[in-house]
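An overview of the molecular structure
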Amino acid sequence: SAASGSGLITESWLSWSWTYVCFIWFGMVLTLLKYYVFLCICLSASVFLNTLTPKFYVALTGTSSLISGLILIFEWWYFRKYGTSFIEQVSVSHLRPLLGGVENSSTTGLFSSVNGDAEPRPSVSECKVWRNPLNLFRGAEYNRYTWVTGKEPLTYYDMNLSAQDHQTFFTGDTQQLRPEDAVMQKAWRERNPQARIRAAYQAIEMNHDICSLLIIHSLYLILLCVFMCRCAAAYVLLAEEEATTITEAERLFKKSLRIHAGKDINLLVYIKRRLAMCARKLGRIKEAVKMMRDLMKEFPLLGMLNIHENLLEALLELQAYADVQAVLAKYDDISLPKSATICYTSALLKARAVSDKFSPEAASRRGLSTAEMNAVEAIHRAVEFNPHVPKYLLEMKSLILPPEHILKRGDSEAVAYAFFHLQHWKRAEGALNLLHCTWEGTFRIIPYPLEKGHLFYPYPGCTETADRELLPSFHEVSVYPKKELPFFILFTAGLCSFTAMLAMLTHQFPELMGVFAKAFFSTLFAPLGFFADKMESFMPSSFWHQLTQI
C-alpha cells in the first residue's frame, strides 16, 4: 500500500509539473505574439500619424473637451445634490465587488474616547428624526409663507412623518375603531390638504349624526360625551391646517379640548401643548409658561415630547434667566439625551454673564478669567454637539422656516433652534460677539470629528442625507465636516480645460500644433521603437514569420 501511495504521489507530481510547463510555454508564446502585434500596431500608427491633418486634431481635441465638459457638469450637479461623486459611487458600489473588494456594510466601529478607551461609534439608527417641539402651524404659518413666496417650506418626507405621528397618537386602539376613527385615519394619510380637511368635516358630521340619534332615544348625557370625544382629533386637524390665524387655531383647539373625554392621553397632551404655544405666539407668555409647567407636572413620564424646550424658549422671552437655569439643572444631565436647545441655552447663560465686558484684545493680553473660560468651554461644547448653529446665529447663512421634524446634531435642528432663539442671543449684549470670536476654536479640539469626539460621541456621518430629506430643495444644506471636491470632478475639470486649450491653439495655429503633435508622438513612441529594433536584431528574421503561421 505504501508503494502504491508513493506511486500515486509521483504520478500526481508529474502531471502537475507537466501542466505547469505547458502553461509556461503557452504564456511565452502568447507574450511574444502580443509584442509582435503591438510592434506592428506601433509601426502602422507612426505611418498613420504622419498622414493626419490639423483639422483632425481640432476635431479630436474639441470633441474631447465637449465630452469632458458634459461629464464635469453632470458630476458637479450630482455632487451638489447628493454630496458624492457619481463615478466614485458607481465604482465603489458596482466595480469594487467585481474586483474582489469588500465594502463595510456595518456603520459601527471602535474609536478612541477621550480617555483612550475604545468606544462604539454611533450607528445609523442614532440618526433618527425627532418631532420638532416648536413646530409651526401649517394653516396659520407654513401656508402663509407659501402664499407669499410660492415656495413649499415642507418636504413630502417631513409631512409623511407627521401623518404617521398623528395616526399613531390620535387614532387610539385600532381594534375598536368607530366609523369616524376610520375616516380620521384616512384623513391623516391624505396627501392633499383639502382632502384632509374634507375628511375631518366628514368625521364631525358622522359624529353629529350619532349624537342626534342618541338624544332622540334619551340616553344618558355621559354617552353623548363619550361619542363626542371621538371627533376631537378632527378639530385638531382643522386647527392645524384650515385655521389661517393663530387666534382661529386657538379657538378650534379649545373646542377640541372641551369635547375631549380624557381617555386619549396623547391627544390631550397634544391639545394642551398647542394651546400653550398659541398663548406664547399671541403674547400671553406668562399664561403659556403656567400651562407648560402644569403639563409637565401632570404628565412627568412624557419627557420624550421635549415640552421643556417650549418652556425654555418662553422663559427666555420673559428674561427669567434664574428659572431657565433651574430647568437646565434638571434636564442638562449626563444621562439624558442632549439637544441644541439645551447646549446652546446653557452657553447663552454663561456667555451673558461676561459678554457685555468681553474684548478679544484685552483677553489676549491678560488671558481669560474663570467666568470667561467657562463661557468659552460652554460654547465649544455646544458647537461640538451641533456645529451648524453658529452660522445661523451670526447670520452667515439665511434662515428658513423650521421643518416639522429635526435631526439632532443636523442642519435641520440648527435651523429650528436659530429660528426661535436668535432673538434671545441678540438681546444678551455681546453674546454674539463672544460666539463669533470663539466658536471656530472647537474644530481645533476635534480635528477628526467623524472618528473621535471630545465631549460627545463622534459626529454621525448620516446627517447630510437625512437633512436633505427634511429641508426644502431651495435651502443649501450645511455639511459638516466640509467635504472636499471629489477627485473625478477635479480630474474632469482639468481634462476639459486642457483639451479646450489644445483645440483653440490647434484652430489658431494649425501648422505649428501639427509639428508639435508629431514631435510629441514621436518622442512618446521612441522607447517603443528602440525596443522593437532591439527585438528584431536579437531574434532571427524567420522567427516572427513562424510565430504568425502558428
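What you see as residue numbers is a count from 1 along each chain, following the sequence as written. With pLDDT at 70 or above as the cut-off, local features in this predicted model cover only qualifying residues; side-chain atom pairs require 80 or more to be listed or tallied, and sums for whole chains, interfaces and linings still use all residues. Working from all heavy atoms in the structure, the side-chain values ignore hydrogens and water.

The name given to the protein chain in an unreviewed UniProt entry is Suppressor of tumorigenicity 7 protein-like, and the organism recorded there is Sphaeramia orbicularis. Regarding the protein chain, the UniProt comment filed under Subcellular location (unreviewed entry) reads as follows: "Membrane". Under the UniProt heading Sequence similarities (unreviewed entry), the entry covering the protein chain gives this text: "Belongs to the ST7 family." UniProt positions are given in the numbering used here, feature names are shortened, and annotations may be inferred rather than shown by experiment.

For helices the rule is a DSSP run of H or I covering at least 4 residues; for strands it is a run of E covering at least 2, with both sets numbered from the N terminus onward. Assigned secondary structure in the protein chain consists of 25 helices and four strands. Across the protein chain, the fraction of contacts at a sequence separation of at least 24, relative to all contacts at a separation of at least 6, is 69%. Here, Shrake-Rupley sampling with a 1.4 Å probe gives the accessible areas, and only protein chains in the shown set may cover a residue. Counting every atom, the protein chain has about 31500 Å² of accessible surface; 62% of that belongs to carbon and sulfur. Contacts are assigned to residue pairs that have any heavy atoms within 4.5 Å of one another.

Across the protein chain, pLDDT averages 76, with 69% of residues at or above 70. Within a predicted model, pLDDT stands for the predictor's per-residue confidence, ranging from 0 to 100. With pLDDT under 50 throughout, residues 1-5 is counted as low confidence; its partners more than four residues away or in other chains account for zero contacts. For residues 101-125, every residue scores under 50 in pLDDT, and the model assigns this stretch 37 contacts once sequence neighbours within four places are set aside.

Here we take up the packing of aromatic side chains. Centres within 6.5 Å are what make two rings of Phe, Tyr or Trp a pair, Trp counting through its six-membered ring; a difference in plane orientation under 30 degrees is then read as stacked, over 60 as edge-to-face, and the rest as tilted. All told, the structure shown has three aromatic pairs when counted by the stated rule. A ring pair is formed by Phe419 and Phe420, whose centres lie 5.0 Å apart and whose planes are at 80°; its orientation type is edge-to-face. For a Lys NZ or an Arg CZ to count as sitting over a ring, it must be within 6 Å of the ring centre and within 35 degrees of the ring normal. In this structure, Lys151 packs its charged tip against the face of Phe474, placed 4.9 Å from the ring centre. Above the face of the Phe137 ring, Arg274 is positioned so that its terminal group lies 4.0 Å from the ring centre.

A few words on the side chain of His405. Topologically, His405 is positioned in strand β4 (residues 405-407). Accessibility expressed as a relative area gives 3% for His405, which makes it buried. Side chain to side chain, His405 and Asp158 meet in a polar contact 2.9 Å long. Ignoring anything within four residues of it in the chain, the contact list for His405 reads Val129, Trp130, Arg131, Asn132, Asp158, Leu161, Ser162, Asp165, Ser412 and Leu470. Burial classes: relative accessible area under 20% of the type maximum marks a residue as buried, over 50% as exposed, and values in between as partly exposed (1.4 Å probe, protein chains only). We define a polar contact as two N or O atoms separated by no more than 3.5 Å, with the added condition that, inside protein, one atom must be a possible hydrogen donor and the other a possible acceptor, whereas residues neighbouring each other in sequence contribute only through side-chain atom pairs.

Now for empty space enclosed by the protein. Each cavity reported here is a set of points on a 1 Å grid over the protein atoms alone in which a 1.4 Å probe fits but cannot get out, each pocket an open set with protein on both sides within 12 Å along at least five of seven lines, and each lining residue one with an atom within 4 Å of a point. Grid points are joined across faces, edges and corners, and a volume is the space filled by probe spheres set on the points. Within this structure, the stated rule accounts for three cavities of 30 Å³ or more. The space that makes up the largest cavity amounts to roughly 110 Å³. At the level of secondary structure, the elements contributing two or more residues to the lining of the largest cavity comprise β3 (129-131), α15 (340-352) and α19 (411-427). Counting residues per element, the lining of the largest cavity draws most heavily on α19, which supplies three residues. In the scheme used here, Gly and all other residues not listed as nonpolar or charged are polar, with Ala, Val, Leu, Ile, Met, Phe, Trp, Tyr, Cys and Pro taken as nonpolar and Asp, Glu, Lys and Arg as charged. Across the lining of the largest cavity, the residue classes tally to seven nonpolar, four polar and four charged.

Our next topic: the side chain of Arg196. Relative to the elements of secondary structure, Arg196 occurs in helix α7 (residues 193-216). The residues contacting Arg196, other than those within four sequence positions of it, are Arg138, Ala187, Trp188, Glu190, Arg191, Leu237 and Glu241.

Right, let's get into the pattern of salt bridges. Note on definitions: salt bridges are taken to be side-chain nitrogens of Lys or Arg within 4 Å of carboxyl oxygens of Asp or Glu. Per the counting criterion, the structure on display carries 18 salt bridges. The shortest N-O distance in the salt bridge between Lys281 and Glu141 comes to 3.2 Å. Separated by 140 residues along the polypeptide, Lys281 in helix α11 (residues 265-281) and Glu141 in helix α4 (residues 138-149) bring together distant segments of the chain. Each of Arg138, Arg196, Glu241 and Glu404 takes part in one network of salt bridges that share partners.

Its place among the elements puts Ala416 in helix α19. The exposure class of Ala416 is buried, given its relative accessible area of 5%. Expressed as a C-alpha distance, the spacing of Ala416 and Pro133, which sit 283 residues apart in the sequence, is 9.3 Å. Residue contacts for Ala416: discarding those within four places in its chain leaves Asn132, Pro402 and Ile406.

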